[in-house]
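Read off the chains here:
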Amino acid sequence: MDVELTLNGEDVTLTAAQSDTLLDALRGAGYTGTKRGCGTGDCGFCTVAVDGESVKSCLQPVARVEGATVETIENLGTQDELHPVQAAFVDNAALQCGFCIPGMIMRVTQLLESNPDPDEREIREALSGNICRCTGYEKIVDAVQDAATRLSNDGAVVSDGGRPVSSNRSCVDCGGCHGGDGE
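Residues numbered from 1 in each chain as written. Predicted model: local features only at pLDDT ≥ 70, side-chain atom pairs only at ≥ 80, totals over all residues. Heavy atoms only, no water.

Named according to an unreviewed UniProt entry, the protein chain is (2Fe-2S)-binding protein originating from Halorientalis pallida.

If you want it as structure tokens, here you go:
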């Protein structure tokens, strides 16, 4: 079946089996930044934005995104110009293996769009559906607080066609923040 949607700002048609999840269709189309973890919605590795809301793509039937707007980690920043959330994760050493990071960053981006100044409890609650087996979460919470500050336009963020990006920040290419080609 063909599913028409807006993916990372582009109108696309994904070809998928009727039983495919959004995760299956994304990875089949080459969007490897969205990771396959548990397959049950428990880990959050596969988190993407659908119509502005965080969705675990391993649970979302691809047919249900017909006509929707979907954003993956590949749309947030580039190796040369990281999104402020990505830059905050790098600067705060909030990533180790990088496997959970794309889903974590997508969830944090949605959190900060709806709540630009979350407290620690709100951050931990928002991330409760995203598992990280490496970091212990302290650095992740620090990174979210830093990203909130960066996005508040305090001078650390510049605008790129209406989309905030970090200034003077380059990617270390671990494969986590903007996708990479890990499984």
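Moving on from the coordinates now.
Novice: Provide a residue-level description of the packing of helix α2 (residues 84-91) against helix α5 (residues 138-151), including the pertinent values.
Specialist: It is the contact of α2 with α5, at a shortest axis distance of 8 Å, that shows an interaxial angle of 140°. Taken together, α2 and α5 sit at an angle that is classed as oblique. In terms of crossing hand, the pair formed by α2 and α5 is right-handed. Touching P84, V85, A87, A88, F89 and D91 of α2 are I140, A143, D146, A147, R150 and L151, all from α5. When grouped by side-chain class, the residues that make up the contact of α2 with α5 number 9 nonpolar, no polar and 3 charged. (Axes fitted to C-alpha atoms, helices over the stretch in contact; angles between N-to-C directions. Helix = DSSP H or I, 4+ residues; strand = E, 2+ residues; numbered from the N terminus. Parallel < 35°, antiparallel > 145°, perpendicular 65-115°, else oblique. Left-handed = near helix turned anticlockwise from the far one by under 90°. Contact = heavy atoms within 4.5 Å. Nonpolar A, V, L, I, M, F, W, Y, C, P; charged D, E, K, R; others polar.)

Novice: So what's going on with the nonpolar core? Residues and values would help.
Specialist: Grouped together as the largest cluster of nonpolar side chains are 28 residues, with contacts concentrated most on F89, I140 and V144. For this core, the secondary structure elements donating two or more residues are α2, α3 (101-114), α4 (120-126) and α5. At 7 residues, the largest contribution of residues to this core is made by α3. Each of domain 1 (2-74) and domain 2 (84-159) accounts for three or more of the residues forming this core. Apart from residues lying up to four places away in sequence, V144 is in contact with V108, L111, L112, I123 and L127. (Core = buried A, V, L, I, M, F, W, Y, C linked by side-chain atoms within 4.5 Å. Buried < 20%, exposed > 50% of the residue type's maximum accessible area, 1.4 Å probe, protein only. Domains from an automatic or database assignment.)

Novice: Now, about the pairing of strand β3 (residues 47-50): what can you tell me, with residues and values included?
Specialist: Of the two faces of β3, the one lined by T47 and A49 and the one lined by V48 and V50 are each fully buried. The pairing of β3 with strand β4 (residues 53-56) spans 4 bridges and is antiparallel. Bridging across to β4, A49 finds its partner in S54. With antiparallel pairing between neighbouring strands as the criterion, β3 and β4 make up a hairpin whose turn holds 2 residues, including D51 at a positive phi of roughly 50°. Looking at chain direction, β3 and strand β5 (residues 69-71) are connected through 2 bridges and run antiparallel. Paired with A49 across the bridge in β5 is E71. (Pairing = 2+ DSSP bridges.)

Novice: An account of the pattern of salt bridges is needed here, citing residue identities and associated values.
Specialist: Counted under the stated rule, the structure contains 6 salt bridges. For R36, the salt bridge goes to D24, with nearest N and O atoms at 3.1 Å. Here the residue R36 occupies a position in the loop between α1 (22-28) and β3, and D24 occupies one in helix α1, the gap between them amounting to 12 residues. Its relative accessible area of 25% is what places D24 among the partly exposed residues. Through salt bridges that share partners, D91, D146 and R150 make up one connected network. (Salt bridge = Lys/Arg side-chain N within 4 Å of Asp/Glu carboxyl O.)

Novice: Just give me the short version of the sheet that holds β5, but keep the residues and values in it.
Specialist: Neighbouring strands of a sheet are bound in pairs by backbone hydrogen bonds; such pairs are parallel or else antiparallel. Pairing in this open sheet of 5 strands is mixed, and the strands run β2-β1-β5-β3-β4 from one edge to the other. Each end of this open sheet is capped by a strand with a single partner; those strands are β2 (10-15) and β4. The sheet shows a mean angle of 45° between the axes of neighbouring strands, taken without regard to direction. Where strand β1 (residues 2-7) and β5 come together, 2 bridges link them in parallel fashion. Counterpart to L7 in the pairing with β5 is V70. Taken strand by strand, α3 contacts β3, β4 and β5, and its axis lies near 35° from that of β3.

Novice: Which residues make up the pairing of β2, and what values do they have?
Specialist: The two faces of a sheet get side chains in turn, since along a regular strand they alternate between them. As paired strands, β1 and β2 are joined by 6 bridges and run antiparallel to one another. Bridge pairing in β2 places L5 opposite V12. Between the end of β1 and the start of β2, which pair antiparallel, lie 2 residues, with N8 showing a positive phi angle near 55°.

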